[in-house]
Amino acid sequence: MFALTFLGTSASVPSAERNHPALLVEAAGKRILVDCGEGTQRQLLRSGSGFRRLDRVLLTHAHLDHVLGIPGLFSTLGLRQSAEMMTIHGGPGTLDIVIRMLTGLWGAGRAPIPVEFAALSEGQVIDAGDFTIDCFPVRHRDTDSFGFVFQSPPRRHLLSERLSALDVPDGPMRGELAAGRAVVIADRTIDPEDVLGPPSGGKRLIVIGDTETTDGLSQYVADADLLVIEATFLDRDAPTARNYGHLTAAEAAAFAAANNVGQLVLTHMSGRYEDDEILAEAARIFPNTRIAADFDHIVI
């Protein structure tokens, strides 16, 4: 299961309703920020999420609307005397900009909290046991940009009717079978295959920040349960979208439809449009579309 809290859903210029980009993803007791726009620390408080167990930031790219919240967040964590190591993942160019920003504030190698930097390259970012995070390259102007794949594996669950038929009592024996180990009951060996159902329940979440094209991304996105992606412009302004390296709502929706995505969530909204017109353009192509708003909470 992945729980998403949208902390900022604006494009480069924030509004009274939308903060700069940031997304909190929670899974298996871990809490991860994707991007950290200016004001993210206040959005964490306003959302009720707070700062506990927040020890990892994934950066899609280094444009300032996606990274300027890092110094403020670090300052607050330092004042709260957080001793947890914060790991920032980003492309090499992205990390260079963030490191120079932090160095300008606190000096080389210094920060209010322990921090390490992990450069991204295509492939696995972390294996947390209950889920993995992989990254893939995305084209957005002159940046080294990345999208992210959050994946939880399918699991096999015990079949209650089979457990009852084989007289397997509640307790540790069922735990052994769930873990894939055989048990012995009254000289009978019960094999896990006798009581486990087929694999089910694996989930795939794809998060893509700013991108000027979806070319080459299908291999990472196909059959995802949920796709979060930008839709900064409407189709009537497609030439402007090209100039600034962004997608239109129609392009994002067509991409979701072509790749059998379960649900599409659009973010990075420009203040020049109303939500209703963005949704109308996308939903004509991909009906299961949602426009993200600040503090929206989605669970898959």
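Just so you know, these numbers come straight off a predicted model, no measurement behind them.

1. Points about unusual backbone geometry
Then, in step 1: Backbone geometry places Gln81, a non-glycine residue, at a positive phi of 60 degrees.
Then, in step 2: Tracing the chain through its elements places Gln81 in the loop between α3 (70-79) and β5 (86-90).

2. Thoughts on the side chain of Thr5
Then, in step 1: In this structure, Thr5 sits in strand β1 (residues 3-8).
Then, in step 2: Looking at Thr5, the relative accessible area reads 4%, which means it is buried.
Then, in step 3: With near-sequence residues (within four places) excluded, Thr5 lies in contact with Leu23, Leu24, Glu26, Ser47, Ser49, Asp296 and His297.

3. Overview of the packing of aromatic side chains
Then, in step 1: Counted by the stated rule, this structure contains four aromatic pairs.
Then, in step 2: Judged by centre distance (4.4 Å) and plane angle (5 degrees), the ring pair of Phe136 and Tyr220 falls under stacked. Here Phe136, found in strand β8 (residues 132-138), pairs with Tyr220, found in helix α7 (residues 218-221); they are 84 residues apart in sequence, far enough to count as distant. In this pair, the class of Phe136 matches that of Tyr220, namely buried.
Then, in step 3: Grouped by ring-pair contacts, the aromatic residues Phe2, Phe131 and Phe150 constitute a single cluster.

4. So, the packing of helix α9 (residues 249-258) against helix α10 (residues 275-283)
Then, in step 1: It is the contact of α9 with α10, at a shortest axis distance of 8 Å, that shows an interaxial angle of 40 degrees. As for the relative orientation of α9 and α10, their crossing is right-handed in sense. Listed contacts from α10 to Ala249, Ala250 and Ala253 of α9 are Ile278, Glu281 and Ala282.
Then, in step 2: The residue makeup of the contact of α9 with α10, split by class, is five nonpolar, no polar and one charged.

5. What about the nonpolar core?
Then, in step 1: Residues Ile208, Leu227, Ile229 and Leu266 are the most contacted members of the largest nonpolar core, which totals 30 residues.
Then, in step 2: Elements with a minimum of two residues in this core: β8, α7, β13 (226-230), α9, β14 (263-267) and α10.
Then, in step 3: Here the element with the most residues in this core is α9; it accounts for five residues.

6. Description of the packing of α3 against helix α4 (residues 92-106)
The relative placement of two packed helices is expressed as an angle between their axes plus a distance between the axes.
Then, in step 1: Taken N-terminus to C-terminus, the directions of α3 and α4 make an angle of 50 degrees; their axes are 10 Å apart at the nearest point. By the angle between their directions, the pair α3 and α4 is classed as oblique. Between α3 and α4 lies a crossing of right-handed hand. Mapping the contact onto sequence places Ile70, Pro71, Phe74 and Ser75 in α3 and Val98, Met101, Leu102, Leu105 and Trp106 in α4.
Then, in step 2: Looking at side-chain class alone, the contact of α3 with α4 contains eight nonpolar, one polar and no charged residues.

7. As for the environment of Ala253
Then, in step 1: In this structure, Ala253 sits in helix α9.
Then, in step 2: Of the residues examined, Ala253 reaches a relative accessible area of 0% and is grouped as buried.
Then, in step 3: Along the sequence, Ala253 and Ala282 sit 29 residues apart, while their C-alpha atoms lie 5.2 Å from each other.
Then, in step 4: Excluding its chain neighbours within four sequence positions, the residues that come into contact with Ala253 are Leu264, Ala282, Ile285 and Phe286.

What counts and what doesn't
- Residue positions within a chain follow its written sequence, with the count starting from 1.
- This being a predicted model, a pLDDT of at least 70 is required before a residue's local features are given, and a value of 80 or more before pairs of side-chain atoms are given or counted; all residues contribute to the totals for chains, interfaces and linings.
- No hydrogens and no water enter the side-chain calculation; it runs on all heavy atoms of the structure.
- Going along the chain from the N terminus, every DSSP run of H or I of four or more residues is numbered as a helix, and every run of E of two or more is numbered as a strand.
- The rule is simple: take the accessible area with a 1.4 Å probe, protein chains only, and divide by the maximum for that residue type; under 20% is buried, over 50% is exposed, in between is partly exposed.
- Two residues form a contact once any of their heavy atoms are found within 4.5 Å.
- In this analysis, rings of Phe, Tyr and Trp, with Trp reduced to its six-membered ring, are considered paired at centre separations within 6.5 Å, and the interplanar angle assigns stacked below 30 degrees, edge-to-face beyond 60, and tilted for intermediate values.
- Fitting a line to C-alpha atoms yields each axis, with helices limited to the stretch in contact; the angle taken between N-to-C directions then spans 0 to 180 degrees.
- Each crossing is labelled by how the near helix is turned from the far one, with a counterclockwise turn of less than a right angle marking it left-handed and a clockwise turn marking it right-handed.
- Basically, the charged four are Asp, Glu, Lys and Arg, the nonpolar ten are Ala, Val, Leu, Ile, Met, Phe, Trp, Tyr, Cys and Pro, and anything else, Gly included, counts as polar.
- Throughout, nonpolar core names a set of buried Ala, Val, Leu, Ile, Met, Phe, Trp, Tyr and Cys residues whose side chains join them through atoms within 4.5 Å.
- Under this scheme an angle from 65 to 115 degrees is roughly perpendicular, one under 35 degrees roughly parallel, and one over 145 degrees roughly antiparallel; angles in between are oblique.

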